[in-house]
Amino acid sequence: KEFKVNFIYAMQKIKIAITDSGLGGLAIAAEVFEKLLRVNGIQQTEIVFVNALPETGNGYNKMKSEDEKIKMFNRVLDGTYGKFKPEFIAVACNTLSALIEKTEFYRARGRKILNIIDLTVKGFLKRDINKSNSILLIFGTETTIESRIYERSFLNAGFNEKQIMQVACPRLASEIELDYNSLTTEIIVNKCVNEALARNDFSNKTVYIILGCTHYPYVLKIFEKYLRAKIIGKFEIINPNSTMVSKILESCSAAKSERKGKSVAGNVSIKVYSRAIILPEEIKSVSALLKPISGATAVALKNYILEKELF
């Protein structure tokens, strides 16, 4: 009888993995965690956040070639799936989402992947907007911008090249992790906004601004401050993180409906895994940002699991 109960309990458990090339995606994990706590009847759910950074201080934007980035990210996906066997892997990172379709893992198990760029583009295109009077402004990391994945997606949807502007923000993600409230963070955001303004006239246009890096919503108010001061006309900031949170919750619900038998009384757990050492200043900065969203996620970051053989 005890074995039967435990077997049903194990069958009802849902495990999901969320990965990012740093700690930006923890904001998504935090919101998912808190919202799942409030879902009546959800099975036991374990959220695993995997930091896809291969080593401290050596991110994907510093790698020499796209092939090197793809091979490393494929190792992350293989390692995450092999170790945790999640229902799905949510790639909560624009940099990695720009590479995902070129990985062997995606070709073999694409149905197991949620891609933040794909979700953002599809969600935006469902909206009823006046394309002829719109400009799309995408801020992102070097890898995301160089991939031109946002640009190609919107060109295919009927926008023209003059309506799409992409601005890379080097070092912004890493600076946010080190100290989101630093003068350097403000300077980088201001510089990115100034670059956009120097390249286009936004007068009499509706500007849709996509924060194409999961770290950038951490400093949404700083973006708003400089955009509001310098853009004459109507603008709206698009936060891809919110789109991904909704899709993860939807996918959890779908996984629940596939389970047979009675639901187990719900509880939700979250753990943070990393192959790279997370610096104390990074933990301090990001946990301060996470705490208002989810205290439990901030604690999980402070108690992260360092595993050198993670991928």
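I will try to describe carefully the structure that is included in this document. These figures come from a predicted structure and were not determined experimentally.

**Re the nonpolar core**
Here is step 1 of the chain: Counting residues in each nonpolar core, the largest one holds 81 residues, and the members touching the most others are I47, F139 and I248.
Here is step 2 of the chain: Among the elements that take part in this core, helix α2 (residues 26-37) stands out by supplying eight residues, more than any other.
Here is step 3 of the chain: Discounting chain neighbours no more than four positions away, the residues touching I47 are I16, I18, A29, V32, F33, L36, V268, S269, I270 and K271.

**Here we look at the layout of surface pockets**
A water-sized probe rolled over the atoms picks out the places where empty space is left.
Here is step 1 of the chain: If you add up the space inside the largest pocket, you get close to 540 Å³.
Here is step 2 of the chain: Among the elements of the structure, α4 (94-97) and α9 (172-179) are those that each provide at least two residues to the lining of the largest pocket.
Here is step 3 of the chain: Of all the elements, α9 adds the most residues to the lining of the largest pocket, at five residues.
Here is step 4 of the chain: A per-class count over the lining of the largest pocket returns ten nonpolar, 13 polar and six charged.
Here is step 5 of the chain: By volume, the second largest pocket amounts to about 340 Å³.
Here is step 6 of the chain: Forming the walls of the second largest pocket are 17 residues, and the residues nearest its centre are P217, Y218, V219, L289 and I293.
Here is step 7 of the chain: Secondary-structure elements contributing two or more residues to the lining of the second largest pocket are α2, α11 (220-230) and α12 (240-258).
Here is step 8 of the chain: Class assignment of the residues belonging to the lining of the second largest pocket gives a composition of ten nonpolar, five polar and two charged.

**Looking at unusual backbone geometry**
Here is step 1 of the chain: The backbone of K85 sits at a positive phi, close to 50 degrees, despite the residue not being glycine.
Here is step 2 of the chain: Despite not being glycine, R171 has its phi angle at roughly 75 degrees, a positive value.
Here is step 3 of the chain: Position of R171 relative to the elements: it lies in the loop between β6 (164-168) and α9.
Here is step 4 of the chain: You can call R171 exposed: its relative accessible area is 53%.

So, how was this worked out
- Every chain is numbered independently, its residues counted from 1 as its sequence is written.
- Per-residue local features are limited, in this predicted model, to residues with pLDDT of at least 70; the limit for side-chain atom pairs, both in listing and counting, is 80 or more; totals at the level of whole chains, interfaces and linings are taken over all residues.
- Based on all heavy atoms of the structure, the side-chain values leave hydrogens and waters out of the count.
- Only buried residues count toward a nonpolar core, which is a set of Ala, Val, Leu, Ile, Met, Phe, Trp, Tyr and Cys residues joined through side-chain atoms within 4.5 Å.
- Only protein chains enter the calculation, and the probe is 1.4 Å; a residue is then buried if its accessible area is under 20% of its type maximum, exposed if over 50%, and partly exposed in between.
- Comment: elements are numbered from the N terminus, with helices defined as DSSP H or I runs of at least four residues and strands as E runs of at least two.
- Any two residues having at least one pair of non-hydrogen atoms within 4.5 Å are treated as being in contact.
- Cavities and pockets are defined on a 1 Å grid built over the protein atoms alone: a cavity is a set of grid points where a 1.4 Å probe fits but cannot escape, while a pocket is an open set with protein on both sides within 12 Å along at least five of seven lines, and lining residues are those with an atom within 4 Å of any such point.
- Grid points are joined across faces, edges and corners, and a volume is the space filled by probe spheres set on the points.
- When residue character is reported, Ala, Val, Leu, Ile, Met, Phe, Trp, Tyr, Cys and Pro are called nonpolar, Asp, Glu, Lys and Arg charged, and the others, Gly included, polar.

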